[in-house]
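# Commentary on secondary and tertiary structure
Each chain is listed here by its residues.
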Amino acid sequence: MEENSTPKQICDKYYAIHREVYKWFNISFDEFGRTSSPQQTEICQAIFKKLLENNWLSENSMQQLYCDTCERFLADRLVEGNCPTEGCNYDSARGDQCENCGKLLNPTELINPRCKQCKNTPRIRDTNHLFLELPLLKDKLVHYIESTSVAGGWSQNAIQTTNAWLKEGLKPRCITRDLKWGVPVPLEEFKDKVFYVWFDAPIGYVSITSCYTPDWEKWWKNPENVELYQFMGKDNVPFHTVMFPSTLLGTGENWTLMKTISVTEYLNYEAGKFSKSKGVGVFGNDAKDTNIPVEVWRYYLLTNRPEVSDTLFTWSDLQAKSNNELLNNLGNFINRVLSFLAKPPGSGYGSVIPDAPGAGSHPLTNKLAEEVGKYVEQYLEAMEKVKLKHGLKTAMSISSEGNAYLQESQFWRLYKEDQPSCSIVIKTSLGLVYLLACLLEPFMPSFSVEVFKQLNMPPEQASLCDEKGDMDKAKRPWEILPAGHKIGTPEPLFKELKIEEVEDYRKKFAGSQADRLEREEVEKASKLAEELKKKATVGGKKQQTKKPAGEAKSRGAVEPEISITRLDIRVGLIKKAQKHPDADSLYVEEIDLGEGDCRTVVSGLVKYIPLEEMQNRKVCILCNLKPANMRGIKSEAMVLAASSSDHTKVELVDPPQSAVVGERVTFPGFEGEPDDVLNPKKKVWETLQVDLQTNSDLVACYKDIPLTTSAGVCKVATINNGSIR
C-alpha cells in the first residue's frame, strides 16, 4: 500500500534486491526461490489435505479485527497498538508480534489497536477459520523435541523458547487468514481464504527444493540419510520447533525433520534496535553501496554474531575490527610472509618456496605446530557444533600465533645469519597462510580466493585433508606447500578504514530511512540548483527571468514577463480542517504560514482525501491568489494538489516533513520576487499552471524543475505524470 503496488510487484521487486545483495555478499544457493511458485501451492495443499484426512484440523469461529473505514479484516501486520505483555506496553506492537519484547501476539490482544493504514480503531468481528490441533499432536511433538534437541545439539535459546511454549500449554493454532495473497485453501467453504504465512512459509523449504530437483523427496523424506540444519533469529523459533514439526508429524509421512537449529539473539544498531519496518539501521543494500569491502562486512557480522546474548553494531567497532584484526593481524601476517618470499635472491627467495629440512626438530617451529594443531581441533569442533563465532575466533588465533612466530624468530636476521633456519620459518609460515585461507573460506570466501591467487594455487583444489580425510598435515605446517613452487604477486589484502569514512557512514545511516530520504532530497535539490545556475549562464551572461530594467522603464507600465517566480508558494501547516457547513464537497482549513495568524482556505477535496488525513499536515500553499468567497466563507489562499489524468484521484503536494513552516518554495535557476496579488485578468496562474506536474519519480515540478525547500523537494504519494492545481 505504501508503494502503491500489488503484492506480486512488491515480491518481484524485493526478490531481485535480495538476490543482488546475497550475490554481492558471496552467499550462494543451489536454488534461491520463493513461495509464490506453483510447486508451493501443490505441496502446501497436499500437506493440508493429509492433516485433514488424519483429523488434526478443526473449524472454529474466531474474533478478528475489522476496519470499517477500509472495509476489510486486517492482516496481523496492518494492526498496531500497545503491547499487552506486563512491563512492556510498547506503543507500536504489531498484530502478530511485539518487536520490543519479542512476544507472539494475536491482533485482538493489543491494547488501543489501530489500523495501520487509516489510523482508525478497528472493531472485533467473528470469522470462521481452520485450526491445527497442537494439543492433540503434543505427544508426538514432545517425543521429537526431547530426542532431537539433545542429539542435534540445539542452541540453548532454542531449547528455552520451545520449552516455554510447551510449559504455557499448546493451543489450537489458526492456519488460515482472510486475505487474497497467499496459497488458497482448497475447500469450497474456505475458497476466499489463504493459508497463514507461518503455516505455509516453512513448507517453502520443501517446495523450493522441488523447484531445484524432481528428486526432492530424497532430501525431504529420507531422515535416515539426511540431516537438516536451520539458522534463524530467536523470534522465529516457535514456528520451526513447534508449528512446522507438528505440521509434518501430523501428515503421518516419513519427513526429514530438523536435526540442528542455530538461533541468534538480536543484533542492535548503535543506540537502538534494527527495525525493517521503521527503516532504522544499515541493511544489505546499504552495505553494498559503501566502499567497505564485503570481506570486512562478513567478518564483522560473524565476529559480532549474537549467539548467546544480544550484540551491538557500532561503526566505531566495525572500524576497530577492520583495522586491528583484519589489517594489522591477518593481512599483516600474510603480506609479510609473501612479500619477503617474493624479494629477489640476496634479500629474499625470488618468489620460490624453499625446502626446509629439519623443520620437525626446530624448537620454535615445533612449539608453534603444537599450538596450531590445538587450534585446528578446536576449530573443527566448533564448526561441527555450529559455534560459528568461536570457529572464526579460533582461526584468527592462528594468525596471531603466526605474527608472534615471525617476531620471535626474527626471520630477517636469520636470512643473513642462518638461512636454513630462515627457510624453515618461511616455509612453515607459508603453510599457515594456506591453512588460514582454508579455515577462513566459509567466513570470507573472496579473501580466500585472493590468497590462493597470491599463492598461485587453484582454490577449488584447496584442502587440509589427505586422501583418507586426516587433518594431520595441519599439525605440520611446513609440509603443507611443496618446495620449488613459485607464488604469484603479493598485494595488500586489506586497507585502513579511516575515521572520516566511518563518521560519514554514521551520519549517512543515522535515523530512519525516511530521515535519510529527506537528507538525500536536500542534497539532490542543492546539486540541481548548482547545475541549473551553470546552465543559466550563457556566453558569460546570466539569463534573465525579468525584462531588463531599462526596457521596463522605457515601456512604462508594461506587464512583467509571466515567470514562475511571480507565484508565492509557501510551506503551510494545516492546524485544523473541517467540512464546510454549506457545501458537501468542500473543506475549510486553518493554515499556519508563519505569519502569526492562520489563513482560512477552502478546498474542494472532500471526496478525494479523508478528513483525518487533512489534520496537522504540512502542505504547499499558493498564497498570492486574489481572495475568493466560496459559499459564504472567504478563502485566502489555495492548497496545491495533484490529480491523475482521468481526474479520479487527487493527492496533496507534500513538502518534506522537516521543511520550515512559512518558507518559500523555490525553483532552482529562477530568481525573482512574487507579485503581491496575482492579477486575475492577466491569467498569470492559469498560464503557469499548465506546466505544473508530477514526474515519474513523484516529484512536483514546474516543467522539469522541482518545487524545492530548504529540506528537499516536494512530492506526492503515488500519482506520477499528474497535473498540479
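In the annotation of an unreviewed UniProt entry, the entry for the protein chain reads methionine--tRNA ligase, and the organism field reads Populus trichocarpa. A UniProt comment under Sequence similarities (unreviewed entry) is attached to the protein chain, and it reads "Belongs to the class-I aminoacyl-tRNA synthetase family." Listed under Catalytic activity (unreviewed entry) in UniProt, the entry text for the protein chain is "tRNA(Met) + L-methionine + ATP = L-methionyl-tRNA(Met) + AMP + diphosphate".

## Details of the pairing of strand β3 (residues 79-82)
Of the pairings in the sheet, the one linking β3 to strand β5 (residues 111-115) comprises three bridges and is antiparallel in character. Note on β5: the bridge partner recorded for glutamate 80 is arginine 114. Alignment of β3 against strand β4 (residues 93-94), held across two bridges, turns out to be antiparallel. Bridge pairing links glutamate 80 to arginine 94 in β4.

## Notes on the side chain of threonine 290
If you trace the backbone, threonine 290 turns up in the loop between α9 (284-288) and α10 (294-303). A relative accessible area of 9% means that threonine 290 is categorised as buried. Other than its neighbours up to four places away in sequence, threonine 290 contacts Trp297, Tyr505 and Phe509.

## So, helix α4 (residues 156-168)
For α4, which comprises 13 residues, the first-to-last C-alpha distance of 18 Å matches the rise-based estimate of 18 Å (1.5 Å per residue) to within 8%. Along α4, the residues classified as buried are Asn157, Ala158, Thr162 and Leu166. If you follow the buried residues of α4, they end up packed against α3 (138-151), α8 (237-251) and β11 (258-264). Of the residues flanking the end of α4, it is glycine 169, one or two places downstream, whose phi is positive at about 100°.

## Some points on the domain arrangement of the protein chain
You can read the domains of the protein chain as domain 1 (1-29), domain 2 (31-54 + 133-262), domain 3 (267-323), domain 4 (330-486) and domain 5 (564-724). Once you take the C-alpha centre of each, domain 1 and domain 4 turn out to be 41 Å apart.

## So, the nonpolar core
Considering soluble globular proteins, one finds that nonpolar side chains tend to be buried as a cluster. One finds Trp315, Leu330, Leu435, Leu440 and Leu455 to be the most contacted residues of the largest nonpolar core, which totals 77 residues. Elements supplying a minimum of two residues to this core: α10, α11 (315-342), α12 (363-384), α13 (388-409), α14 (411-417), α15 (419-439), α16 (445-455) and α17 (499-508). With 13 residues, the single largest contributor to this core is α15. Mapping this core onto the domain boundaries places at least three of its residues in each of domain 3 (267-323) and domain 4 (330-486).

## Side note on unusual backbone geometry
Positive phi is not limited to glycine here, since asparagine 26 has a value of about 60°. The topology assignment puts asparagine 26 in the loop between α1 (7-24) and α2 (38-53). Positive phi outside glycine occurs at lysine 703, with the angle close to 55°. Note on placement: lysine 703 falls in the loop between β27 (700-702) and β28 (705-706).

## With respect to the UniProt feature "domain: TRNA-binding" (unreviewed entry) in the protein chain
Mapped onto this structure's residue numbering, the UniProt feature "domain: TRNA-binding" (unreviewed entry) falls at residues 563-666. From the first C-alpha to the last, residues 563-666 spans 12 Å; its make-up is 0% helix and 39% strand.

## A short note on the pattern of salt bridges
Overall, the coordinates contain 34 salt bridges when judged by the stated rule. A salt bridge links glutamate 270 to arginine 506; the nearest nitrogen and oxygen atoms lie 3.7 Å apart. Placement of glutamate 270 in the loop between β12 (267-269) and β13 (272-273) and of arginine 506 in helix α17 is noted, with a sequence separation of 236 residues between them. For glutamate 270, a relative accessible area of 24% corresponds to the partly exposed category. Linking arginine 617 and aspartate 654 is a salt bridge whose minimum nitrogen-to-oxygen distance equals 3.1 Å. With a gap of 37 residues between them, arginine 617 in the loop between β19 (599-603) and β20 (618-622) and aspartate 654 in the loop between β25 (650-652) and α20 (684-689) connect regions that are remote in the sequence. Through salt bridges with shared partners, a single ionic network connects Arg77, Arg94, Asp96 and Glu99.

## A word on the sheet that holds β4
In space, the three strands of this open sheet follow the order β4-β3-β5, with antiparallel pairing throughout. Each end of this open sheet is capped by a strand with a single partner; those strands are β4 and β5.

Rules of the game
- Counting restarts for each chain, with residues numbered from 1 along the sequence as it is written.
- Only residues with pLDDT of at least 70 are given local features in this predicted model, and only at 80 or more are side-chain atom pairs given and counted; all residues enter the totals for whole chains, interfaces and linings.
- Computation of side-chain values covers all heavy atoms of the structure but excludes hydrogens and water.
- UniProt positions are given in the numbering used here, feature names are shortened, and annotations may be inferred rather than shown by experiment.
- Here a strand pair is declared whenever DSSP counts at least two bridges between the two strands.
- A run of DSSP states H or I qualifies as a helix once it reaches four residues; a run of E qualifies as a strand once it reaches two. Both are numbered from the N-terminal end.
- The buried label applies to any residue whose accessible area, calculated with a 1.4 Å probe on protein chains only, is under 20% of its type's maximum; exposed applies above 50%, and partly exposed to all values in between.
- Contacts are residue-level and defined by heavy atoms, with any inter-residue pair within 4.5 Å sufficient.
- The span expected for a helix works out to 1.5 Å for each residue beyond the first.
- Where each domain begins and ends follows an automated or database-derived domain assignment.
- Only buried residues count toward a nonpolar core. Its members are Ala, Val, Leu, Ile, Met, Phe, Trp, Tyr and Cys residues joined through side-chain atoms within 4.5 Å.
- Put simply, a salt bridge is a Lys or Arg side-chain nitrogen that is within 4 Å of an Asp or Glu carboxyl oxygen.

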